[in-house]
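# Results of the structural survey
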Amino acid sequence: MSIKNHTGRFLVLALAAGLVVFGNFACSGKKAPAEGAAPAGEEAGPVSQEMSIKEGVNDITGTVKSGLGKYFYISQMPGFDLAAGGEFDAATLIGKDVKVKAEFKRERASLLLADAIEVKGDGGAYSNVFKIATPAAPEDFFDQKARAEFADLKIVNIMKAADWEGKGKAKVYGKYIPATDNAGAAISILDDKGKEAARIIVDSMNAYSNFYLKKLRLFDKFYFYLTIKESVPVNQRGKAKEVFHADVVFAGLY
């Protein structure tokens, strides 16, 4: 075979090998974190074969990274939140290794309901801290399928109340402003240039929304799902740019 033919074969093989390497690299690239994934700055622990989720009761082992109210998050279970009913305070689990028996149903695919929780002690043994006969989703759980009921709301002119009045439910993108001694909580709505265009007065925010703000703590802007209430009087909107009152039913990255 001629040198020319050898060179051609070498170039073809080298190109094929390069495509394989590139393909493997591309497949291993990291994606932006989903709401149920490990919060930014945290690596999810390994998910073992035994921890694969199935319909019904599952045995889950992992470390609790975040917890508030009835809700908690285990880094080994990206894509899922867990909830414990009754009077149990999930914040007591933060930083602890746990074993959880949790129920999965496809109609609430993002939430696992705990039947029982065991916590690992200093000596390595696990002890039961929670058990319930009939687990149920907390009342403030926001079903992901309900997102479609909340239309995007853009506020361009704070004097134009017709943009929000009568709509009932809406989704806005902005920054949460916690309550202070001098002012209540609010959501700051930013324009395309990153400047504040309006503020929504937050009358209440449920535990599930607060759980997500804590879980996604390295982010500073969220989509807020709101129940719109009364408008701020026109003569009071100018200085503070406050437009209406609302109750927050969910907060997330999309």
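Below is a summary of the structure that appears in this document. (Residues numbered from 1 in each chain as written. Predicted model: local features only at pLDDT ≥ 70, side-chain atom pairs only at ≥ 80, totals over all residues. Heavy atoms only, no water.)

## Some remarks on the pattern of salt bridges
For clarity, the threshold we go by: Salt-bridge detection follows one rule: a side-chain nitrogen of Lys or Arg within 4 Å of a carboxyl oxygen of Asp or Glu. Whether a residue is buried, partly exposed or exposed follows from its accessible area with a 1.4 Å probe, protein chains only, as a fraction of its type maximum: under 20%, in between, or over 50%, in that order.
Counted under the stated rule, the structure contains eleven salt bridges. For Asp220, the salt bridge identified is with Lys221, shortest N-O distance 3.6 Å. Look at Asp220 and you get partly exposed, because its relative accessible area is 42%. On the basis of relative accessible area, Lys221 is assigned to the partly exposed category, the value being 27%. Through salt bridges with shared partners, one network takes in Asp203, Lys229 and Asp247.

## Structural notes on the pairing of strand β5 (residues 111-120)
The cut-off we apply is this: Each helix corresponds to a stretch of at least 4 residues labelled H or I by DSSP, and each strand to a stretch of at least 2 residues labelled E; elements are numbered beginning at the N terminus. The pairing criterion for strands is at least two bridges between them, as found by DSSP.
Taken across its ten residues, β5 has eight buried, putting it largely inside the fold. Across three bridges, the pairing between strand β3 (residues 81-83) and β5 is parallel. Within β5, the residue paired with Asp81 across the bridge is Leu111. Sheet topology places strand β4 (residues 97-104) next to β5; six bridges connect them, and they run antiparallel. Paired with Val100 across the bridge in β5 is Ile117. Connecting β4 to the antiparallel partner β5 that follows it, the hairpin turn spans six residues. In terms of strand pairing, β5 meets strand β6 (residues 126-131) through five bridges, oriented antiparallel. Note that in β6 the partner of Ile117 across the bridge is Phe130. Two successive antiparallel strands, β5 and β6, enclose a turn made up of five residues, where Gly124 displays a positive phi of approximately 100 degrees.

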